[in-house]
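# Descriptive structure summary
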Amino acid sequence: VQLQASGGGLVQAGGSLTLSCAASGRTFNSYFVGWFRQAPGKEREFVATLSRNSGNTYYADSVKGRFTISVDNAKNMAYLQMNKLEPEDTAVYYCAVAGSFRAYRFDQPQRYDTWGQGTLVTVSS
């Protein structure tokens, strides 16, 4: 499976962007489909994930109420709708899939075994 993230760009604070993640080679038949981000000089951090078993969604506190993760099974796509963007949201955003079981929490990067290449989001103040 390969993941291709897209949709990043430059946006003013308070604006919105929708990131897309296209899966090729297989469906999103996995435990979790998630988004992480990495700002310059910082570690990769959890943003949001969706449990394929339960359909439940989970968000980092910093984005709760502003970001929404979703999956379109028919199109093999995942999305991250980002509203009320803040300069602190500036980062490279990665989509990831947990296709096999690993003994890590869903908010840890090690839980995910397949990653997209990242798309840059820049929020200007």
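Coordinates for the structure precede this section.
What you see is a predicted model, and the numbers here were worked out from it, not measured in a lab. (Residues numbered from 1 in each chain as written. Predicted model: local features only at pLDDT ≥ 70, side-chain atom pairs only at ≥ 80, totals over all residues. Heavy atoms only, no water.)

## A short note on the overall build of the protein
What the protein contains, in helices and strands, is zero helices and eleven strands. The order of α-helices and β-strands along the protein, N terminus first, is β-β-β-β-β-β-β-β-β-β-β. Relative to the globule expectation of 14 Å for 125 residues, the C-alpha radius of gyration of the protein, 13 Å, shows essentially globular dimensions. In terms of overall dimensions, the protein has a C-alpha envelope of 40 × 30 × 25 Å along the principal axes. The proportion of buried residues among the 125 residues of the protein is 42%. Carbon and sulfur atoms make up 47% of the accessible area of the protein, which amounts to about 6,400 Å² in all. (Helix = DSSP H or I, 4+ residues; strand = E, 2+ residues; numbered from the N terminus. Rg over C-alpha atoms; globule rule 2.2 N^0.38 Å. Buried < 20%, exposed > 50% of the residue type's maximum accessible area, 1.4 Å probe, protein only. Areas by Shrake-Rupley, 256 points an atom, 1.4 Å probe, with all protein chains shown as cover.)

## Re the state of the cysteines
Under the definition given, this model contains one disulfide. In this model, Cys21 is linked to Cys95 through a disulfide, with the two sulfur atoms separated by 2.1 Å. On the sign convention where negative means left-handed, the S-S torsion of about 65 degrees between Cys21 and Cys95 marks this disulfide as right-handed. Here Cys21 is found in strand β3 (residues 17-24), whereas its partner Cys95 is found in strand β9 (residues 91-98), with 74 residues between them in sequence. Judged on exposure class, the residue Cys21 and its partner Cys95 are both buried. (Disulfide = S-S within 2.5 Å.)

## So, the pairing of strand β8 (residues 77-82)
With six bridges joining them, β3 and β8 adopt antiparallel strand pairing. Paired with Cys21 across the strands is Ala78, a residue of β8. Where strand β7 (residues 67-72) lies against β8, six bridges are found, and the strand directions are antiparallel. The residue of β8 that forms the bridge with Ser70 is Tyr79. Linking two consecutive strands that pair antiparallel, namely β7 and β8, is a turn of four residues; a positive phi of about 60 degrees is found at Asn76 within it. (Pairing = 2+ DSSP bridges.)

## With respect to the sheet that holds β7
Read across the open sheet, the four strands follow the order β1-β3-β8-β7; overall the sheet is antiparallel. Two strands close off the open sheet at either side, each with one partner strand: β1 (2-6) and β7. Averaged over all pairs of adjacent strands, the angle between their axes in this sheet comes to 15 degrees, without regard to strand direction. In this structure, β1 lies alongside β3, joined through five bridges in antiparallel fashion. Pairing of Ala5 across the sheet is with Cys21, part of β3. (Axes fitted to C-alpha atoms, helices over the stretch in contact; angles between N-to-C directions.)

## Description of the pattern of salt bridges
When the charged atoms of two side chains lie near each other, side chains of opposite charge can form a pair. All chains considered together, the criterion is met by six salt bridges. Across the pair Arg37 and Glu45 runs a salt bridge, and its minimum N-O distance is 2.6 Å. For Arg37, a relative accessible area of 4% translates into the label buried. Its relative accessible area of 36% is what places Glu45 among the partly exposed residues. With its nearest N and O atoms 2.9 Å apart, the salt bridge here joins Asp89 to Arg37. Of this pair, Asp89 sits in the loop between β8 and β9 while Arg37 sits in strand β4 (residues 32-38), and the two are 52 residues apart along the sequence. Pair check on accessibility: Asp89 and Arg37 agree, each one buried. One continuous salt-bridge network, built from bridges that share partners, spans Arg37, Glu45, Arg66, Glu86 and Asp89. (Salt bridge = Lys/Arg side-chain N within 4 Å of Asp/Glu carboxyl O.)

By themselves, these observations are geometric and do not establish any function.
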